[in-house]
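# Reading the structure
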Amino acid sequence: PGNDNLCISESYAGRCDDDLACSQVCKDEIRGGGKCGPFKGTKICYCDGCPSATVVTPAETDPNIRRNRGGFLVFAQGRSLWKLPGEDVGETRELSNISGEINKAVTVDCVNHHLYWTNEPTGIRRSRYDGSDNHLVVKKGMYLGLAVDFVSGNIFWVQCGVILVAKMSHLEDGHKTIISHAEINRYSALAVHPTRGSIYWSHSQTTIETASMDGSNRQVWVTGVWAESLALDYEANDLYWADWKTGNIECISLNGGGKRIVSAQGSAGKYSWGISLSGGRVYWSSYFPTDTLNSITKSGSTMKQHSLPAGRDEIRNLLGIVFVPEECPKLSNACAVSNGGCPFICLPHPGNNKKCVCPDDNSSCTS
């Protein structure tokens with residue numbers, strides 16, 4: 001086998017930062033313990049005695065070069081999901097169109113190359129990047145908030161005033177309520193930071209709150225905002241939102257410090273809904289008085305309005321958006337390898353800790 005065909009143990013299902021994450025014994029008895037090395041733009045665990053890791057190019061090792069090369073945007077409007085190249089170059093196409101459903105929030109699992117989106121009235125759907133294998137994975141309910149921890153393999157969503165979490169691979173098998181509060185409504189947005197072990201949500205159109213992923217250590221993070229969606233910059237540890245009421249694009253550092261305005265759109269930017277990040281740019285959608293998709297640099301310069309495809313369901317509003325990267329961000333946590341040793345759901349905690357939780361209605365499971 002060549003360098004592009006490493007014999008990777010099934011127990012090494014995650015990326016790694018050092019050899020400590022690869023301490024399991026390889027299943028193939030003729031191999032030694034695991035090693036951590038670069039492979040195709042990331043670092044993975046592979047068995048001792050396998051071919052060495054692929055030699056990375058200078059572009060992959062240069063910390064000044066952003067890794068979100070290529071990729072594309074996906075936005076929800078009416079009955080449809082649309083694919084839109086990030087630089088308006090290449091194929092633009094409709095990915096999904098199901099009569100009677102109104103799509104709202106959309107997110108991405110960059111590990112398994114899946115899109116997830118919420119719609120009314122049926123629930124949460126999943127498909128591949130090209131729109132194939134489109135099917136319902138969570139039935140019924142009213143949803144808006146939706147977020148994926150691609151490192152741990154978990155998905156979070158808002159339903160009936162609570163925030164739920166499930167393994168993406170076992171969505172039909174059960175879920176765990178991690179936060180319950182009567183004032184969390186169906187317009188509450190979600191975002192998760194896999195490395196920090198934190199979840200963020202908008203609350204009653206007035207605040208943004210945060211907690212550990214199991215719902216503990218809850219606190220108000222931002223006041224005086226109306227955010228319908230949230231986006232995280234994993235490199236800079238910043239949280240972004242588009243304020244539906246003021247029209248401003250704003251962000252705040254997760255390491256402390258006040259919020260700042262990235263772009264003050266005023267009345268021209270009101271009714272902004274979706275927001276997403278790619279490299280050095282912030283993308284957001286607005287639906288009134290006309291549908292628009294704009295972007296600006298994170299420093300607040302070089303604003304651009306992106307062309308939208310013809311043939312859309314223009315009666316319905318342009319809502320959720322997500323940028324789909326060519327490769328996942330290089331993140332890790334205590335749940336990244338072998339599900340953290342948990343039999344069901346592994347929730348990362350701050351400080352590289354974790355907590356095993358059980359699905360609801362599973363009496364045989366103990367945390």
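Residues numbered from 1 in each chain as written. Predicted model: local features only at pLDDT ≥ 70, side-chain atom pairs only at ≥ 80, totals over all residues. Heavy atoms only, no water.

### Considering the overall build of the chain
Scanning the chain from N- to C-terminus turns up 1 helix and 28 strands. Out of the 367 residues belonging to the chain, those deemed buried represent 54%. The contacts of the chain with a sequence gap of at least 6 include a subset with a gap of at least 24, amounting to 43%. (Helix = DSSP H or I, 4+ residues; strand = E, 2+ residues; numbered from the N terminus. Buried < 20%, exposed > 50% of the residue type's maximum accessible area, 1.4 Å probe, protein only. Contact = heavy atoms within 4.5 Å.)

### Here's the deal with unusual backbone geometry
Of note, the phi angle at Asn217 is positive, near 60 degrees, even though the residue is not glycine. Unusually for a residue other than glycine, Ser338 sits at a positive phi of about 55 degrees. Counting through the fold element by element, Ser338 comes out in the loop between strand 26 (318–324) and strand 27 (345–349).

### Overview of the pattern of salt bridges
Within the structure shown, the criterion is met by 4 salt bridges. Residue Glu209 pairs with Arg218 through a salt bridge whose shortest N-O separation is 2.7 Å. On the basis of relative accessible area, Glu209 is assigned to the buried category, the value being 6%. Taking relative accessible area as the criterion, Arg218 reaches 32% and is therefore assigned partly exposed. Put simply, Lys355 and Asp214 hold a salt bridge, and the shortest N to O gap is 3.2 Å. Within this pair, whereas Lys355 is found in strand 28 (residues 353–357), its partner Asp214 is found in the loop between strand 16 (207–212) and strand 17 (219–223), the two being separated by 141 residues in sequence. Taking the relative accessible area as the measure of exposure, Lys355 reaches 36% and is therefore partly exposed. When its relative accessible area of 15% is taken as the criterion, Asp214 is described as buried. (Salt bridge = Lys/Arg side-chain N within 4 Å of Asp/Glu carboxyl O.)

### Some thoughts on the nonpolar core
Core analysis: the biggest nonpolar cluster contains 38 residues, and Val74, Tyr116 and Trp157 have the highest contact counts within it. Mapped by element, the contributors of at least two residues to this core are strand 3 (72–77), strand 6 (102–109), strand 7 (114–120), strand 9 (135–139), strand 10 (146–149), strand 11 (154–159), strand 12 (162–167) and strand 26. By size, the runner-up hydrophobic cluster in this structure holds 17 residues, among which are Phe156, Ile178, Val192 and Ile345. (Core = buried A, V, L, I, M, F, W, Y, C linked by side-chain atoms within 4.5 Å.)

### A short note on the confidence of the model for the chain
Looking at the chain as a whole, its pLDDT mean stands at 79, while 74% of the residues score no less than 70. This model gives residues 9–13 a pLDDT under 50, and the stretch forms 19 contacts once residues within four places in sequence are excluded. Here residues 24–32 scores under 50 on pLDDT; set against residues more than four positions off or in separate chains, the count is 25 contacts. (pLDDT = per-residue confidence, 0-100.)

### A few points about the sheet that holds strand 7
If you walk across this open sheet you meet the 4 strands as 6-7-8-9, and the pairing is antiparallel. Every other strand in the sheet has two partners, leaving strand 6 and strand 9 as the edge strands with one partner each. Taken pair by pair, the neighbouring strands of this sheet meet at an average axis angle of 25 degrees, ignoring direction. Looking at chain direction, strand 8 (residues 123–128) and strand 9 are connected through 4 bridges and run antiparallel. Within strand 9, the residue paired with Arg126 across the bridge is His135. (Pairing = 2+ DSSP bridges. Axes fitted to C-alpha atoms, helices over the stretch in contact; angles between N-to-C directions.)

### Description of the sheet that holds strand 16
Pairing in this open sheet of 4 strands is antiparallel, and the strands run 14-15-16-17 from one edge to the other. Of all the strands in the sheet, the pair left with one neighbour each is strand 14 (190–193) and strand 17. Direction aside, neighbouring strands of the sheet carry axes that sit 25 degrees apart on average. Sheet analysis places strand 14 next to strand 15 (residues 198–203), joined by 4 bridges and oriented antiparallel. Note that in strand 15 the partner of His193 across the bridge is Ser198.

### Quick word on the pairing of strand 20 (residues 248–253)
Burial within strand 20 is extensive, with 6 of its 6 residues counted as buried. Both faces of strand 20 are covered, namely the face carrying Asn248, Glu250 and Ile252 and the face carrying Ile249, Cys251 and Ser253. Bridging between strand 19 (residues 238–243) and strand 20 involves 5 bridges; their strand directions are antiparallel. Paired with Leu239 across the two strands is Ile252, which belongs to strand 20. Linking two consecutive strands that pair antiparallel, namely strand 19 and strand 20, is a turn of 4 residues; a positive phi of about 85 degrees is found at Gly247 within it. Where strand 20 and strand 21 (residues 260–264) come together, 4 bridges link them in antiparallel fashion. Bridging across to strand 21, Cys251 finds its partner in Arg260. From the end of strand 20 to the start of strand 21, which pair antiparallel, there are 6 residues, and Gly256 there has a positive phi angle of about 110 degrees.

### Considerations on the pairing of strand 15
In regular strands, side chains alternate between the two faces of the sheet. Taking burial as the measure, the 6 residues of strand 15 include 6 buried ones, the bulk of the element. Of the two faces of strand 15, both are covered, the one formed by Ser198, Tyr200 and Ser202 as well as the one formed by Ile199, Trp201 and His203. Between the antiparallel neighbours strand 14 and strand 15 lie 4 residues, among them Gly197 with a positive phi of about 70 degrees. Here strand 15 runs beside strand 16; their pairing, made up of 6 bridges, is antiparallel. Directly across from Tyr200, in strand 16, lies its bridge partner Thr210. The hairpin turn running from strand 15 into strand 16, its antiparallel successor, is 3 residues long, and Ser204 in that turn takes a positive phi close to 55 degrees.

### Digging into the packing of aromatic side chains
Two aromatic rings are characterised by how far apart their centres lie and by the angle between their planes. A full pass over the atoms with the stated rule returns 8 aromatic pairs. Measuring from ring centre to ring centre gives 6.3 Å for Phe150 and Tyr234, while their planes differ by 70 degrees; the resulting arrangement is edge-to-face. Placement of Phe150 in the loop between strand 10 and strand 11 and of Tyr234 in the loop between strand 18 (227–233) and strand 19 is noted, with a sequence separation of 84 residues between them. Against the face of Phe72 rests Lys83, its NZ or CZ located 4.8 Å from the ring centre. (Phe/Tyr/Trp six-rings, centres within 6.5 Å; stacked < 30°, edge-to-face > 60°. Lys NZ or Arg CZ within 6 Å of the ring centre and 35° of its normal.)

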